[in-house]
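Coordinates in review
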Amino acid sequence: MSITVNGVTHAAHVPAERLLVEWLRDDLGLTGTHVGCTTSQCGACHVEVDGEVVKACTILVAQCQGAAITTIEGLGTPEALHPMQEAFRTAHGLQCGFCTPGMVMAGIAIARAHGGDVSEEVIRHELEGNLCRCTGYQNIVAAIRLGARAMAEAGLLKETA
Ligand code: FES
Ligand code: FES
């Protein structure tokens, strides 16, 4: 199979039951995608597959033939963070950081779906599939609001066109 991850195309030779999150972490070394449960509850494994944010513990590599995948490593660089990553830093949207990659990916999806002026209420509803064990939701919500505005200002949201 041929799968593109963060702009690099890989040949994947994996068993039929191999989970996407296992392949990303164990075979490609992209350990920014975390595993908090493997039961589709925590959202720590969120990645983008062909523009849709999905839980990588619930999808098989075999389902990704020809797909373009973006992980947290593909969003920005330490020198030039993605606006949503920058917002999490600015708004102190993390404590231990374990849930953060999934929260950032979810935040980007929320911004794309609801625009730069997305409300706190909508963000809280949309984050139902993301768990934070540090109970830091207040700042996470604030970070996503900030990140959504920044994405709009950077022209990264269709709604702002
Ligand atoms: Fe995928 Fe928790 S590891 S939802
Ligand atoms: Fe620790 Fe969310 S910041 S689990």
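This text follows the structure it describes.
Notes on the structure in this doc start here.

So, how was this worked out
Residues numbered from 1 in each chain as written. Chains lettered and ligands numbered in written order. Predicted model: local features only at pLDDT ≥ 70, side-chain atom pairs only at ≥ 80, totals over all residues. Heavy atoms only, no water. Salt bridge = Lys/Arg side-chain N within 4 Å of Asp/Glu carboxyl O. Helix = DSSP H or I, 4+ residues; strand = E, 2+ residues; numbered from the N terminus. Buried < 20%, exposed > 50% of the residue type's maximum accessible area, 1.4 Å probe, protein only. Pairing = 2+ DSSP bridges.

Bringing the pattern of salt bridges into the picture now. Following the criterion strictly, the structure yields five salt bridges and no others. Residue R89 pairs with E86 through a salt bridge whose shortest N-O separation is 3.0 Å. Here R89 and its partner E86 are both found in helix α2 (residues 83-90), three residues apart, which amounts to about one turn of the helix. Overall, E86 belongs to the partly exposed group, its relative accessible area being 29%. In this structure, the salt-bridge partner of R124 is E120, at a minimum N-O distance of 3.1 Å.

We now examine the pairing of strand β1 (residues 2-5). Only one face of β1 is buried, namely the one carrying I3 and V5, since none of S2 and T4 on the opposite face is buried. Strand direction decides the pairing type here: β1 and strand β2 (residues 8-11), joined by four bridges, are antiparallel. Bridge pairing links I3 to H10 in β2. Counting the residues that bridge the hairpin from β1 to β2 gives two residues, and of these N6 lies at a positive phi of roughly 50°. Bridging between β1 and strand β5 (residues 68-70) involves two bridges; their strand directions are parallel. Note on β5: the bridge partner recorded for T4 is A68.

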